[in-house]
Amino acid sequence: MSVIYALIPVAIIFVIIAIAIFFWAVRSDQFEDIERQGLNILMDDDKPKGTDNEESNEQNKKPDSDDDIKR
């Protein structure tokens, strides 16, 4: 039963920390425009569109072996 006397202050400290983190998040605009971050994953392109075509054209121009160069 004496453990309760130790756990209640610890629980109160955890609640105070959680409330402080919540108010910090609200003040630093962590909850502004929540949907945009989720949509950025779906709309994100790794490479610009112009570089893909240039690389594929350069690979097509290179001969595959030394026999192709001699011909």
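This structure is a prediction, so every number in the text was calculated from the model and none was measured.

1. Some thoughts on the packing of aromatic side chains
Enumeration over the complete set of coordinates arrives at two aromatic pairs. With centroids separated by 5.6 Å and ring planes inclined at 70°, the aromatic side chains of Phe22 and Phe23 adopt a geometry described as edge-to-face. Using a relative accessible area of 45% as the deciding quantity, one classes Phe22 as partly exposed. Here Phe23 falls in the partly exposed class, since its relative accessible area comes to 46%. Taking 6.1 Å as the distance between ring centres and 45° as the angle between the ring planes, the aromatic pair formed by Phe22 and Phe31 counts as tilted. By way of ring pairs, the aromatic residues Phe22, Phe23 and Phe31 are connected into one cluster.

2. Some thoughts on unusual backbone geometry
For residues besides glycine, phi is generally negative; the peptide bonds are generally trans as well. Positive phi, close to 60°, is recorded for Asp29, a residue that is not glycine. Mapped onto the fold, Asp29 is located in the loop between α1 (2-27) and α2 (34-43). Judged by its relative accessible area of 49%, Asp29 falls in the partly exposed class. Although it is not a glycine, Asp33 adopts a positive phi angle of roughly 50°.

Thresholds applied
- Residues numbered from 1 in each chain as written.
- Predicted model: local features only at pLDDT ≥ 70, side-chain atom pairs only at ≥ 80, totals over all residues.
- Heavy atoms only, no water.
- Phe/Tyr/Trp six-rings, centres within 6.5 Å; stacked < 30°, edge-to-face > 60°.
- Buried < 20%, exposed > 50% of the residue type's maximum accessible area, 1.4 Å probe, protein only.
- Helix = DSSP H or I, 4+ residues; strand = E, 2+ residues; numbered from the N terminus.

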